[in-house]
Each structure stands twice: as structure tokens, then as C-alpha cells.
Protein chains: 2
Amino acid sequence: MSKTLPFRQAPTPLKASCHTCSLSKLCLPLAVNETDLESLEDIVQQGRIYNRGEHIFDQSTSFRSCFAVRSGAVKTSIVSEDGEEQITGFFLPGELVGLDSMSGDFYACTAKALERTSICEFPVQKLEELTSRLPDLQHHMYQLMSQEIQHSHQLTMLLSKNTAEERIAALLLSLSTRFQRRRLSGIRFSLPMARNDIANFLGLAVETVSRVFTRFQNQGLIRARGREVELLDIPALQGVSRELSRQVCP
Amino acid sequence: MSKTLPFRQAPTPLKASCHTCSLSKLCLPLAVNETDLESLEDIVQQGRIYNRGEHIFDQSTSFRSCFAVRSGAVKTSIVSEDGEEQITGFFLPGELVGLDSMSGDFYACTAKALERTSICEFPVQKLEELTSRLPDLQHHMYQLMSQEIQHSHQLTMLLSKNTAEERIAALLLSLSTRFQRRRLSGIRFSLPMARNDIANFLGLAVETVSRVFTRFQNQGLIRARGREVELLDIPALQGVSRELSRQVCP
DNA sequence: CGCAGACTTGACCGCGCTCAATGCGAGTGG
DNA sequence: CCACTCGCATTGAGCGCGGTCAAGTCTGCG
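Just so you know, these numbers come straight off a predicted model, no measurement behind them.

A.B. asks: I'd like a description of helix H3 (residues 135-161) of chain B, backed by residues and values.
C.D. replies: Compared with the 39 Å implied by 1.5 Å per residue over 27 residues, the 39 Å span of H3(B) between its first and last C-alpha is a close match. Counting buried residues in H3(B) gives 21 out of 27 residues, a clear majority hidden from the surface.

A.B. asks: How would you summarise the pattern of salt bridges if you had to cite specific residues and measurements?
C.D. replies: What the rule picks out here adds up to 14 salt bridges over all chains. Where Arg178(A) meets Glu95(A), a salt bridge forms, and the shortest distance between an N and an O atom there is 3.1 Å. Placement of Arg178(A) in helix H4 (residues 164-181) and of Glu95(A) in the loop between strand E6 (85-91) and strand E7 (96-97) is noted, with a sequence separation of 83 residues between them. Using a relative accessible area of 1% as the deciding quantity, one classes Arg178(A) as buried. On the basis of relative accessibility, which here comes to 6%, the residue Glu95(A) falls in the buried class. The salt bridge partner of Arg215(B) is Glu165(B), with a shortest N-O separation of 2.6 Å. One end of the pair, Arg215(B), is in helix H6 (residues 206-218); the other, Glu165(B), is in helix H4 (residues 164-181), and 50 residues separate them in sequence.

A.B. asks: Break down unusual backbone geometry for me, with residues and values.
C.D. replies: All names here are of chain A. At Arg183, a position not held by glycine, the phi torsion is positive, near 65°. Looking at where Arg183 falls in the secondary structure, it is placed in the loop between H4 and strand E10 (188-190). Look at Arg183 and you get exposed, because its relative accessible area is 77%.

A.B. asks: Give a detailed account of the sheet that holds strand E8 (residues 110-113) of chain A, specifying residues and quantitative values.
C.D. replies: All names here are of chain A. One open sheet accounts for four strands, arranged E3-E8-E5-E6; its pairing is antiparallel. Edge positions in the sheet fall to strand E3 (55-57) and E6, since each has one partner strand and no second. Ignoring strand direction, the axes of neighbouring strands in this sheet form an average angle of 30°. Pairing of E3 with E8, which is carried by two bridges, proceeds in the antiparallel orientation.

A.B. asks: Explain the protein's contact with DNA strand C residue by residue, including any values.
C.D. replies: Neighbouring residues of DNA strand C: 16 residues in total, closest Ser210(A), Arg211(A), Thr214(A), Ala164(B) and Thr208(B). A share of 59% is what sugar and phosphate atoms reach among the atoms of DNA strand C within 4 Å of the protein. Contact between DNA strand C and Arg211(B): a base oxygen at 3.2 Å from a side-chain N or O atom of the residue. Every element with two or more residues in the surface near DNA strand C is listed here: helix H5 (195-202) and helix H6 (206-218) of chain A together with H6 of chain B.

A.B. asks: If you had to explain the interface of chain B and chain A to someone new, which residues and values would you point to?
C.D. replies: In this complex, chain B contributes 45 residues to the contact, which on the side of chain A involves 46 residues. Across the interface of chain B and chain A, roughly 4200 Å² is buried in total on both sides, 54% from carbon and sulfur atoms. Between the two partners, chain B and chain A, sit zero salt bridges. Our count for the chain B to chain A interface comes out at 25 residue pairs in polar contact (both at pLDDT 80 or more). Mapped by element, the contributors of at least two residues to the side of chain B that touches chain A are strand E6 (85-91), helix H2 (124-133) and H3 of chain B. Sort the elements by how many residues they give to the side of chain B that touches chain A and H3(B) lands first, with 21 residues. The class makeup of the residues in the side of chain B that touches chain A is 13 nonpolar, 22 polar and ten charged.

A.B. asks: Hey, could you go over helix H2 (residues 124-133) of chain A for me, with residue numbers and the actual values?
C.D. replies: Note: α-helices contain 3.6 residues per turn, so residues at a spacing of three or four share the same orientation. Turning to H2(A), its buried residues are Val124(A), Leu127(A), Glu128(A), Leu130(A), Thr131(A) and Ser132(A). Where H2(A) is buried, its residues meet helix H1 (34-43), strand E4 (65-71), strand E9 (117-123) and helix H3 (135-161) of chain A together with H2 and H3 of chain B.

A.B. asks: Go over the protein's contact with DNA strand D, please, and point to the residues and values.
C.D. replies: The local shell around DNA strand D holds 16 residues, among which Ala164(A), Thr208(A), Ser210(B), Arg211(B) and Thr214(B) are the closest. Atoms of DNA strand D within 4 Å of the protein: sugar and phosphate make up 61%, bases the balance. Side-chain polar atom of Thr208(A) to a phosphate oxygen of DNA strand D: 2.3 Å apart, as the coordinates give it. Contact between DNA strand D and Arg195(B): a phosphate oxygen at 2.9 Å from a side-chain N or O atom of the residue. Taken together, the elements giving at least two residues each to the surface near DNA strand D come down to H6 of chain A together with helix H5 (195-202) and H6 of chain B.

A.B. asks: How would you explain the packing of H3(A) against H4(A) if you had to name every residue and give the values?
C.D. replies: Residues and elements named next belong to chain A. Viewed as axis vectors pointing N to C, H3 and H4 meet at an angle of 155°, and their least axial separation amounts to 8 Å. Taken together, the axes of H3 and H4 lie roughly antiparallel to each other. Handedness of the H3/H4 crossing: left-handed. Of the residues in H4, those touching H3 at Leu158, Leu159 and Lys161 are Glu166, Arg167 and Ala170. When the residues that make up the contact of H3 with H4 are grouped by side-chain class, the tally is three nonpolar, no polar and three charged.

A.B. asks: Quick one: what's the story with the relation of the copies chain B and chain A, residue by residue and with numbers?
C.D. replies: Laying chain B over chain A is done by rotating through 180° and shifting 0.0 Å along the axis; what remains is an RMSD of 0.0 Å. Put plainly, the chains are arranged around a two-fold axis. Using C-alpha coordinates, one finds that chain B approaches the rotation axis most closely at Ser132(B), a distance of 2.3 Å. The overlap is high: 100% of the interface residues of chain B also sit at the interface in chain A, so the same surface is used on both sides.

Conventions adopted
Within each chain, residue numbers correspond to sequence positions counted from 1 in written order. All chains are assigned letters beginning with A, and all ligands numbers beginning with 1, in the order in which they are written. Only residues with pLDDT of at least 70 are given local features in this predicted model, and only at 80 or more are side-chain atom pairs given and counted; all residues enter the totals for whole chains, interfaces and linings. Hydrogens are left out, water is left out, and the side-chain values use all remaining heavy atoms of the structure. Secondary structure follows DSSP: runs of H or I at least 4 residues long count as helices, runs of E at least 2 residues long count as strands, and numbering of each begins at the N terminus. A helix is expected to span 1.5 Å for every residue after the first. Each residue is placed in one exposure class: buried if its accessible area under a 1.4 Å probe, protein chains only, is under 20% of its type's maximum, exposed if it is over 50%, and partly exposed if it falls in between. The salt bridge definition used is simple: a Lys or Arg side-chain nitrogen within 4 Å of an Asp or Glu carboxyl oxygen. One requirement defines pairing of two strands: DSSP has to find at least two bridges between them. Angles run from 0 to 180 degrees between N-to-C directions of axes, and those axes are lines fitted to C-alpha atoms, restricted for helices to the stretch in contact. Any residue with a heavy atom lying within 4 Å of a molecule or strand is counted as near it. For the purposes of these results, a polar contact is taken to be a pair of N or O atoms within 3.5 Å, where, inside protein, one atom must be able to donate a hydrogen and its partner to accept one; residues adjacent in sequence count only when each atom of the pair is a side-chain atom. We call two residues contacting when some pair of their heavy atoms lies within 4.5 Å. Simply put, the buried area is the total loss of 1.4 Å probe accessible area from both parts when two parts are fitted together. Residue type decides the class: Asp, Glu, Lys and Arg count as charged, Ala, Val, Leu, Ile, Met, Phe, Trp, Tyr, Cys and Pro as nonpolar, and the leftover types, Gly among them, as polar. In this scheme, roughly parallel covers angles under 35 degrees and roughly antiparallel covers those over 145, while 65 to 115 is roughly perpendicular and the rest are oblique. In this scheme the crossing of two helices becomes right-handed for a clockwise turn of the near helix relative to the far one and left-handed for an anticlockwise turn of less than a right angle. When the copies are superposed, the least-squares fit takes in the C-alpha atoms of residues with a pLDDT of at least 70 in both.

Any functional reading would require information beyond the geometric quantities listed.
Laid out in C-alpha cells, this is it:
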């Protein structure tokens, strides 16, 4: 992933080539036809590369752009007054970060790269101008934001009604689905996030996540060594997570 | 509330008069100037009146419109595969219902009137056409949807990190704020929803909600008799809910 | 090699769920 | 008017899931 790219790209707004991007059918270009694609490419900037742990923005950054993940993975989180963190989403390639920040002058959350990550940047002012001119793109933006709301509601239900096992099964299945969308294996993959992040996202303690992982392993549902995971019995996992055939998050 | 209106209005698309609506500074008209307001009024239909418990739409209704609450109150909920319900929001006058449904052909949730409720209807197709022409209105739509995402994330944090007392304090304060916005008392008001709904929304058992209410009452934080509530010590409540100065939900 | 951070495992305990009984107000009919 | 019911709310007793605390174990990196 992100193989031949320089370690840290100069902040020169490099014009992106959505035409040749393998993610164009997951991302914003999905909405526009061939002729309009160029208008979109005109406003998209190919962003820099972020190393694991680097901030893309935080809640004190003034809001300018939404970002699409090109490779790698991103987590977003909010921090409460008393300093507690809540991860609000994990974003994989093709998914859009920052839709929750389109009100207000600052980002509503903090975005951090979970691994080596490359992103595309959509300056919102230009994006809004463009969506005014391209009804299909506007429609697509509404759809994306609406889906974000839906996914968040699904997460609400997961947290409010489901046990630790159910939550973790749901997350594993969600990741599996999203890997498959990108024509990667939905059976064996590498978790982009630490146990800690999983725990935080799902409202659990790290120890609980760990225990559930080993329990699943003993039951033959998965095989896990560190971040490497193999889903051995997906139907059984779906049984455990007796809800959420739809994914948890974007 | 909704005093002189007929019991059930004929489905004649009655043109709404946002000009004279006391909620115009909370609702969509906020975004548009005097001259554009007429364009908005052209597409808004004054909806019918719903009695307590009536469905406005459910997950099998094909998606056509977003709705603004004019008077009364609405709850939205999603139902999982195994039939469990999760309330995703309470909507008071001036707040917009249906933003989570702007992807897909059907509503993403079920909306039910909690009391005698009057609503305005915004057909989305016309709304999208209009937001294409009025950049300020488009911007406002993005803002509203973005806020909806943020509120949902706040709720996620509440469910994932906070105790029963903290959740309930946060909800009471949220309601208080929202009543005040409409220049009603933020101190003494009547809960639009049953204990059951509060429990479901906050991921608790009814019994727990009941217990916390009486505990708050014994501590002199509130006075509650049925749905009538009086907040006696708001600072203390804010102390209990050590997060969420922002409201939980729209 | 050694240290730090991530992960696992175990022991214990408390918050909030479950189950069950009771209280209470509104609506209904005798 | 009371008796009855039905839905909603309250209160109590008991227990289990998952959090907390505390050791270990594993892993990668300087």
C-alpha cells in the first residue's frame, strides 16, 4: 500500500487523478459522469502521507476540507470535557472523513492515522460550489451524510443492546464486508487498529476485548494472532451478532 | 398547542407560511433571506396532525419527504433483525426529522408522534432542486446533517462511557436547553416521552430510570411527578453529567 | 539485550439487569 | 359512585456481565 510514494510529500496541491483511482466507485466520483469528473478532479488535492499515529486534524484545527482515505486507515474520536476519548469511527480506503464537521468553524473530532495512510483532500468551499452546479454530486453528498447518520445509529443500538461478544462479532463482520468491497479477502485480514481502539469504540474494557477474542478462538470462530485475524466461521459470527448485517460504521 | 386546528386535516397540500412561523429561526428558513423565503414556502406543505402514538412513517414507507416538527414531539427508532427497538432521537418543534433517510428508497427509521403533533413536510426532490439554486440553503442542509452526526456521536459517548445517572442528567439538561431555545421554561416542563422511551434511548432498563429519578429527587436535584419535571439544581445536574454541555440529540 | 507498549490472563466486585410484586392514575362500564 | 382493568411507574431482592486492579507474557524497536 502506498508503495512508491515519497515519505512526506511537499504540500504542493497536486491534482488528483480520480480517473485512474481504483476507489472511484466507492468515493465521491461515483456520483458524477465522465465529463463532470474533471470538475471534481480540479478541486481535489492529493494530500500528503501520514505515518502511524500522526494527526490529520484535531478539534482545534479550523475546518477547511473533507478527506477521502486512499490507503491505510484512519480513526476519528471526540474528547469530552473531562478528557475522556471516544472513538467515533474507523475509516478505510474509499471512505470519507470529516462529514461530521460541516457545521462550525473547527473540526468536530480528531482524526489520526492508524497506519501509513494516504489521503485526498476536498476543500469544502469548492466542494459546495461544485455540488451546487452538479445535482448528482449534491445528491451523493446527502446520501453519504445520511449513511453516516444511519451507521452511527446502528452503533448506538449496538452499544445500548448488545453484549461484548455481539459487539465484537459485529465489528469483525463489518471490517470483513468493507475489505471485500475493495476486493480484498474478507476472511483473513489484518486489523488496522489496536485492541485498545476496539475497546474504546465498542464501549468495552481492553481486557474484555482480549477475553472475547480468545473465547472466539477457543470456539473455533476465528484465529487471531496479534492484529492478524482469520474468520473461520462467518455464519456462526453472524449468529453471535444477531443484528447488524449492515456494517457498524462507514 | 395546536389548539384551533381541525382534528385531522384533509391531505390537501396547504401552503405553509414560514413567514409567520415562530420557529423560523430554528428551522430551514433560518438559511434563506426574505426573497428566497417564498421559494421555500412554495415547496413546504403543511402536514396533517398526528395523535399520540400515530406513525408518521416507518421503515416500509417509501422515502419522499423530510419533516419539521411544528408542535408536539416525535420519536424515531430503528428495529433490528431480531425485533429489538432502539430509539435514535426525540424531536421537538423546530427540529428536522428524516435526515437519516436521504439514502435509499425507504425511510431508515420509524417516526412516531409522542403527543398531539403537527408537522411541515419538505418533499426531498423539490428540496434538492431548491438547495441547488440556493447555496445558503444547501450550506444549511449540510450543517443540519453534520450536526445530526455530531449529536449521534455524543450519544455514542454517553452510552459507552457514562453511568445511568450521568445519562439521565444529560438528557434532562438537553431537554431543558431545547425548551429554552423556544423561550419556554427550561426549569419546569413536561417530558414528552414515557420512562420506557427514556430507558430505551439511553440504553437502560426502565427500572433503572425510575430509580435514578427518585434518587435525584431525594438529593433535591429535581422534582418529578409522572411526566412533570422541575429541575431544582441545574449546576448540580451539570456536575453529575460531567460531559455533554452540548445537547444529546438534535 | 533491555525496555516500553501492547496484549493476555486471573481474581474480585459493583452497577445495572432481571424477575416479581405493588402502587397509581385514567378510562370504562355496571 | 365504585369496581374493574389496563398501562405506566415505582420499589425490592438477587445475580451476572463486564469493569477494575494486578500480574504476567509477548512483541517490536532502539
